[in-house]
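# Observations on chain architecture
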Amino acid sequence: MATIGLTRPLPWVALRRAGRGRLSLPKQAFLQALCILILLTVLFPILWVFSLSLDPLNRSRPEGLSIIPSNATLEAYEQVVRQPTNNPISFLGLAANSLKIAVGSSVVSVAIGVSAAYAFSRLRFRFREALMLTILGVLMLPPVATLTPLFVMLNQVQVDLPVLGQFNLRNSLLGVGLAIISGLLPFAIWNLKGYLDTIPRDLEEAAWVDGATTNQTFVRIILPLAMPAIAVTGFLGFVGGWT
(Lines give C-alpha, C1' and ligand atoms only; values in the text may rest on other atoms or scores of the structure.)
Protein backbone atom coordinates (compact mmCIF):
# COMPACT_ATOMS: atom_id res chain seq x y z
CA MET A 1 0.00 0.00 0.00
CA ALA A 2 1.17 3.46 -0.81
CA THR A 3 1.02 6.00 1.95
CA ILE A 4 0.51 9.69 1.36
CA GLY A 5 2.59 11.78 3.70
CA LEU A 6 2.11 15.42 4.62
CA THR A 7 4.90 17.52 3.25
CA ARG A 8 5.97 20.68 4.98
CA PRO A 9 6.58 23.81 2.89
CA LEU A 10 10.11 24.93 2.43
CA PRO A 11 11.33 27.69 4.81
CA TRP A 12 11.59 30.33 2.08
CA VAL A 13 8.01 29.54 0.96
CA ALA A 14 6.72 29.94 4.54
CA LEU A 15 8.53 33.27 4.87
CA ARG A 16 7.07 34.45 1.57
CA ARG A 17 3.55 33.52 2.65
CA ALA A 18 4.00 35.22 6.02
CA GLY A 19 5.16 38.39 4.32
CA ARG A 20 2.06 38.69 2.18
CA GLY A 21 -0.16 41.60 3.18
CA ARG A 22 2.60 43.43 5.04
CA LEU A 23 3.71 46.83 3.89
CA SER A 24 7.30 47.77 3.59
CA LEU A 25 8.77 50.37 5.90
CA PRO A 26 8.80 53.19 3.29
CA LYS A 27 5.13 52.54 2.42
CA GLN A 28 4.16 52.55 6.09
CA ALA A 29 5.98 55.84 6.64
CA PHE A 30 4.31 57.39 3.59
CA LEU A 31 0.81 56.30 4.62
CA GLN A 32 1.30 57.49 8.19
CA ALA A 33 2.55 60.86 6.96
CA LEU A 34 -0.46 61.10 4.65
CA CYS A 35 -2.86 60.34 7.54
CA ILE A 36 -1.17 62.98 9.69
CA LEU A 37 -1.49 65.52 6.87
CA ILE A 38 -5.21 64.75 6.49
CA LEU A 39 -5.69 65.02 10.26
CA LEU A 40 -4.00 68.42 10.34
CA THR A 41 -6.09 69.59 7.40
CA VAL A 42 -9.29 68.64 9.21
CA LEU A 43 -8.24 70.05 12.60
CA PHE A 44 -6.82 73.33 11.32
CA PRO A 45 -10.19 75.11 10.72
CA ILE A 46 -11.45 73.92 14.11
CA LEU A 47 -8.34 75.22 15.88
CA TRP A 48 -8.59 78.47 13.90
CA VAL A 49 -12.17 79.09 15.05
CA PHE A 50 -11.30 78.09 18.62
CA SER A 51 -8.39 80.54 18.64
CA LEU A 52 -10.58 83.36 17.33
CA SER A 53 -13.21 82.64 19.98
CA LEU A 54 -10.62 83.23 22.72
CA ASP A 55 -9.34 86.49 21.24
CA PRO A 56 -10.76 89.54 23.10
CA LEU A 57 -9.92 91.89 20.19
CA ASN A 58 -12.37 90.16 17.77
CA ARG A 59 -9.79 89.92 15.00
CA SER A 60 -10.67 88.18 11.75
CA ARG A 61 -7.57 86.00 11.87
CA PRO A 62 -5.10 84.99 14.58
CA GLU A 63 -1.67 86.55 14.70
CA GLY A 64 1.16 84.09 14.83
CA LEU A 65 1.04 80.34 15.22
CA SER A 66 -0.07 80.21 18.84
CA ILE A 67 -3.42 78.47 19.35
CA ILE A 68 -4.19 80.42 22.53
CA PRO A 69 -3.79 84.17 21.87
CA SER A 70 -2.50 86.66 24.40
CA ASN A 71 -5.06 87.94 26.91
CA ALA A 72 -7.34 85.01 26.05
CA THR A 73 -10.80 85.16 27.58
CA LEU A 74 -13.98 83.07 27.68
CA GLU A 75 -16.23 86.11 27.35
CA ALA A 76 -17.56 84.96 23.98
CA TYR A 77 -18.73 81.64 25.42
CA GLU A 78 -20.27 83.43 28.38
CA GLN A 79 -22.14 85.72 25.98
CA VAL A 80 -23.44 82.73 24.00
CA VAL A 81 -24.73 81.05 27.14
CA ARG A 82 -26.22 84.24 28.60
CA GLN A 83 -27.84 85.77 25.47
CA PRO A 84 -26.82 84.31 22.09
CA THR A 85 -29.21 86.52 20.07
CA ASN A 86 -30.67 89.99 20.28
CA ASN A 87 -33.81 88.54 21.86
CA PRO A 88 -33.88 88.48 25.68
CA ILE A 89 -33.49 84.71 26.03
CA SER A 90 -30.60 82.52 27.15
CA PHE A 91 -29.03 79.55 25.41
CA LEU A 92 -30.78 77.14 27.77
CA GLY A 93 -34.10 78.79 26.95
CA LEU A 94 -33.48 78.35 23.23
CA ALA A 95 -32.51 74.71 23.79
CA ALA A 96 -35.69 74.16 25.82
CA ASN A 97 -37.81 75.71 23.05
CA SER A 98 -36.13 73.49 20.46
CA LEU A 99 -36.78 70.44 22.64
CA LYS A 100 -40.45 71.37 23.02
CA ILE A 101 -40.88 71.85 19.27
CA ALA A 102 -39.01 68.66 18.37
CA VAL A 103 -40.86 66.44 20.84
CA GLY A 104 -44.26 67.99 20.15
CA SER A 105 -43.96 67.90 16.36
CA SER A 106 -42.64 64.33 16.46
CA VAL A 107 -45.47 63.05 18.68
CA VAL A 108 -48.23 64.85 16.77
CA SER A 109 -46.94 63.86 13.34
CA VAL A 110 -46.62 60.20 14.36
CA ALA A 111 -50.04 60.14 16.04
CA ILE A 112 -51.82 61.64 13.03
CA GLY A 113 -49.61 59.82 10.55
CA VAL A 114 -50.21 56.32 11.89
CA SER A 115 -53.98 56.90 11.93
CA ALA A 116 -53.98 58.19 8.35
CA ALA A 117 -51.62 55.42 7.26
CA TYR A 118 -53.95 52.77 8.71
CA ALA A 119 -56.89 54.29 6.84
CA PHE A 120 -54.98 54.35 3.55
CA SER A 121 -53.68 50.81 4.10
CA ARG A 122 -56.86 49.04 5.19
CA LEU A 123 -59.89 51.09 4.16
CA ARG A 124 -61.32 51.64 0.71
CA PHE A 125 -63.06 54.98 0.18
CA ARG A 126 -63.63 57.53 -2.54
CA PHE A 127 -60.70 59.64 -3.70
CA ARG A 128 -58.29 57.40 -1.80
CA GLU A 129 -55.75 57.30 -4.62
CA ALA A 130 -56.13 61.02 -5.28
CA LEU A 131 -55.42 61.85 -1.65
CA MET A 132 -52.40 59.57 -1.59
CA LEU A 133 -50.98 61.22 -4.71
CA THR A 134 -51.67 64.65 -3.20
CA ILE A 135 -49.74 63.74 -0.06
CA LEU A 136 -46.93 62.37 -2.21
CA GLY A 137 -46.85 65.63 -4.17
CA VAL A 138 -46.58 67.65 -0.97
CA LEU A 139 -43.76 65.36 0.16
CA MET A 140 -41.86 66.06 -3.06
CA LEU A 141 -42.01 69.83 -2.59
CA PRO A 142 -38.80 71.42 -1.27
CA PRO A 143 -39.17 73.06 2.15
CA VAL A 144 -38.27 76.46 0.70
CA ALA A 145 -41.35 76.41 -1.52
CA THR A 146 -43.65 76.37 1.53
CA LEU A 147 -42.02 79.19 3.48
CA THR A 148 -43.95 82.07 1.93
CA PRO A 149 -47.43 80.44 2.12
CA LEU A 150 -46.86 79.36 5.71
CA PHE A 151 -45.58 82.81 6.69
CA VAL A 152 -48.59 84.57 5.19
CA MET A 153 -51.10 82.08 6.61
CA LEU A 154 -49.65 82.03 10.14
CA ASN A 155 -49.29 85.81 10.17
CA GLN A 156 -53.04 86.21 9.59
CA VAL A 157 -54.08 84.00 12.51
CA GLN A 158 -54.65 85.59 15.91
CA VAL A 159 -55.12 83.20 18.84
CA ASP A 160 -56.88 84.16 22.06
CA LEU A 161 -56.78 81.46 24.74
CA PRO A 162 -57.75 81.80 28.40
CA VAL A 163 -54.44 80.40 29.65
CA LEU A 164 -51.95 81.54 27.02
CA GLY A 165 -53.58 84.88 26.25
CA GLN A 166 -53.72 86.61 22.88
CA PHE A 167 -50.83 86.20 20.44
CA ASN A 168 -50.02 85.99 16.75
CA LEU A 169 -49.54 82.45 15.54
CA ARG A 170 -46.46 83.37 13.51
CA ASN A 171 -44.68 84.75 16.55
CA SER A 172 -45.17 81.71 18.78
CA LEU A 173 -43.86 78.21 19.36
CA LEU A 174 -47.27 76.86 18.43
CA GLY A 175 -47.02 78.38 14.97
CA VAL A 176 -43.50 77.04 14.47
CA GLY A 177 -44.67 73.60 15.57
CA LEU A 178 -47.58 73.64 13.13
CA ALA A 179 -45.27 74.64 10.30
CA ILE A 180 -42.87 71.80 11.10
CA ILE A 181 -45.71 69.28 11.47
CA SER A 182 -46.99 70.22 8.01
CA GLY A 183 -43.62 69.14 6.62
CA LEU A 184 -43.25 65.98 8.71
CA LEU A 185 -46.76 64.62 8.25
CA PRO A 186 -46.55 63.54 4.57
CA PHE A 187 -43.39 61.56 5.24
CA ALA A 188 -44.89 59.98 8.35
CA ILE A 189 -48.00 58.88 6.45
CA TRP A 190 -46.15 57.27 3.55
CA ASN A 191 -43.47 55.68 5.71
CA LEU A 192 -45.99 54.12 8.10
CA LYS A 193 -48.35 53.06 5.31
CA GLY A 194 -45.59 51.06 3.66
CA TYR A 195 -44.97 49.21 6.91
CA LEU A 196 -48.65 48.62 7.68
CA ASP A 197 -49.09 47.05 4.25
CA THR A 198 -46.70 44.27 5.32
CA ILE A 199 -48.80 43.28 8.35
CA PRO A 200 -51.07 40.33 7.43
CA ARG A 201 -54.79 41.02 7.42
CA ASP A 202 -55.39 37.58 8.91
CA LEU A 203 -54.43 38.91 12.32
CA GLU A 204 -57.14 41.57 12.17
CA GLU A 205 -59.71 39.09 10.88
CA ALA A 206 -58.90 36.72 13.74
CA ALA A 207 -59.40 39.55 16.21
CA TRP A 208 -62.73 40.46 14.60
CA VAL A 209 -63.87 36.85 14.94
CA ASP A 210 -63.07 37.04 18.66
CA GLY A 211 -65.33 40.08 18.94
CA ALA A 212 -62.81 42.92 18.78
CA THR A 213 -63.86 46.20 17.21
CA THR A 214 -61.87 48.09 14.59
CA ASN A 215 -60.47 50.48 17.17
CA GLN A 216 -59.48 47.65 19.49
CA THR A 217 -57.79 45.84 16.62
CA PHE A 218 -55.89 48.99 15.69
CA VAL A 219 -54.74 49.69 19.24
CA ARG A 220 -54.02 46.16 20.45
CA ILE A 221 -52.86 44.44 17.25
CA ILE A 222 -51.62 46.94 14.68
CA LEU A 223 -49.84 49.47 16.90
CA PRO A 224 -47.66 46.91 18.78
CA LEU A 225 -46.65 45.28 15.51
CA ALA A 226 -45.90 48.65 13.91
CA MET A 227 -43.81 49.89 16.84
CA PRO A 228 -40.45 49.60 14.97
CA ALA A 229 -41.71 51.82 12.15
CA ILE A 230 -43.32 54.20 14.63
CA ALA A 231 -40.04 54.52 16.54
CA VAL A 232 -38.05 55.23 13.38
CA THR A 233 -40.61 57.75 12.15
CA GLY A 234 -40.69 59.45 15.54
CA PHE A 235 -36.90 59.67 15.67
CA LEU A 236 -36.69 61.16 12.17
CA GLY A 237 -39.46 63.58 13.10
CA PHE A 238 -37.54 64.63 16.21
CA VAL A 239 -34.40 65.25 14.16
CA GLY A 240 -36.38 67.18 11.56
CA GLY A 241 -38.16 69.26 14.19
CA TRP A 242 -35.00 70.25 16.06
CA THR A 243 -34.38 73.89 15.18
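Residues numbered from 1 in each chain as written. Predicted model: local features only at pLDDT ≥ 70, side-chain atom pairs only at ≥ 80, totals over all residues. Heavy atoms only, no water.

## Looking at the overall build of the chain
When you go through the chain residue by residue, the secondary structure sums to 10 helices and 2 strands. Tracing the chain from N to C terminus, the helices and strands come up as α-α-α-α-α-α-β-β-α-α-α-α. Counting across all 243 residues of the chain, residues that qualify as buried make up 24%. Long-range contacts, defined here as pairs at least 24 residues apart, represent 58% of the contacts in the chain between residues at least 6 apart. Of the roughly 17800 Å² that the chain leaves accessible, carbon and sulfur atoms contribute 69%. (Helix = DSSP H or I, 4+ residues; strand = E, 2+ residues; numbered from the N terminus. Buried < 20%, exposed > 50% of the residue type's maximum accessible area, 1.4 Å probe, protein only. Contact = heavy atoms within 4.5 Å. Areas by Shrake-Rupley, 256 points an atom, 1.4 Å probe, with all protein chains shown as cover.)

## With respect to the nonpolar core
One broad trend across soluble globular proteins is that nonpolar side chains are buried collectively. In this structure, Val110, Val114, Ala117, Tyr118, Leu192, Leu196, Ile199, Phe218, Ile222, Ala226, Ala229 and Ile230 together form the largest nonpolar core, which totals 12 residues. Those elements that provide at least two residues to this core are helix H4 (91-122), helix H7 (173-196), helix H9 (214-225) and helix H10 (227-241). Counting residues per element, this core draws most heavily on H4, at 4 residues. Among all residues touching Phe218, those that are not within four sequence positions of it are Val114, Ser115, Tyr118 and Leu223. Grouped together as the second largest cluster of nonpolar side chains are 6 residues, Phe120, Met132, Ile135 and Ile189 included. (Core = buried A, V, L, I, M, F, W, Y, C linked by side-chain atoms within 4.5 Å.)

## Some words on the pairing of strand S2 (residues 165-168)
With 4 bridges connecting them, strand S1 (residues 158-161) and S2 associate as antiparallel partners. Counted as the bridge partner of Asp160 is Gln166 from S2. (Pairing = 2+ DSSP bridges.)

## A word on the packing of helix H8 (residues 201-209) against H9
Running from N to C, H8 and H9 cross one another at 140°; their axes reach a closest spacing of 10 Å. One element, H8, and the other, H9, form an angle in the oblique class. The way H8 lies across H9 gives a crossing that is right-handed. Counted together, Leu203, Glu204, Ala207 and Trp208 of H8 and Thr214, Thr217, Ile221, Ile222 and Leu225 of H9 form the full contact between these two elements. (Axes fitted to C-alpha atoms, helices over the stretch in contact; angles between N-to-C directions. Parallel < 35°, antiparallel > 145°, perpendicular 65-115°, else oblique. Left-handed = near helix turned anticlockwise from the far one by under 90°.)

## Regarding the confidence of the model for the chain
Per-residue pLDDT for the chain has a mean of 84; in total, 88% of the residues score no lower than 70. The element-level mean pLDDT for the chain is lowest in helix H1 (residues 11-19), coming to 52, with H10 highest at 93. Low confidence marks residues 1-5, where pLDDT is under 50. Its contacts with residues over four positions away, or in another chain, come to 0 contacts. (pLDDT = per-residue confidence, 0-100.)

## Digging into the environment of Ala116
Inspection of the secondary structure puts Ala116 in helix H4. Measuring from C-alpha to C-alpha, the distance between Ala116 and Trp190 comes to 9.2 Å, with 74 residues separating the pair along the chain.

## A look at the packing of H4 against H9
Two packed helices can be described by the angle between their axes and the distance between those axes. In contact at an axis separation of 12 Å, H4 and H9 are set at 105° when each is read in the N-to-C sense. Here H4 is positioned roughly perpendicular relative to H9, judged by the angle of their axes. In contact with Val114, Ser115, Tyr118 and Arg122 of H4, H9 contributes Thr214, Phe218, Ile222 and Leu223. Among the residues forming the contact of H4 with H9, the class breakdown is 5 nonpolar, 2 polar and 1 charged. (Nonpolar A, V, L, I, M, F, W, Y, C, P; charged D, E, K, R; others polar.)

## Regarding the pattern of salt bridges
In the structure shown here, the tally under the stated rule is 4 salt bridges. For Arg128, the salt bridge is made with Glu129, and the minimal N-O distance between the two is 3.5 Å. Ionic pairing is found between Lys193 and Asp197, a salt bridge with its closest N-O pair at 2.8 Å. (Salt bridge = Lys/Arg side-chain N within 4 Å of Asp/Glu carboxyl O.)

## Observations regarding a nonpolar patch on the surface
Nonpolar side chains collect at one region of the surface, where Leu39, Leu43, Ile46, Leu47, Phe50, Ile67, Ile68, Leu74 and Tyr77 lie side by side and expose about 850 Å² of accessible area between them. Here the nonpolar patch gets 5 residues from one element, more than from any other, and that element is helix H2 (residues 25-54). Following the sequence through the fold, Tyr77 ends up in helix H3 (residues 75-82). In this structure Tyr77 comes out as partly exposed when scored by relative accessible area, which is 39%. (Patch = residues over 30% accessible without salt bridge, like charges linked within 9 Å, V, L, I, M, F, W, Y side chains within 5 Å.)

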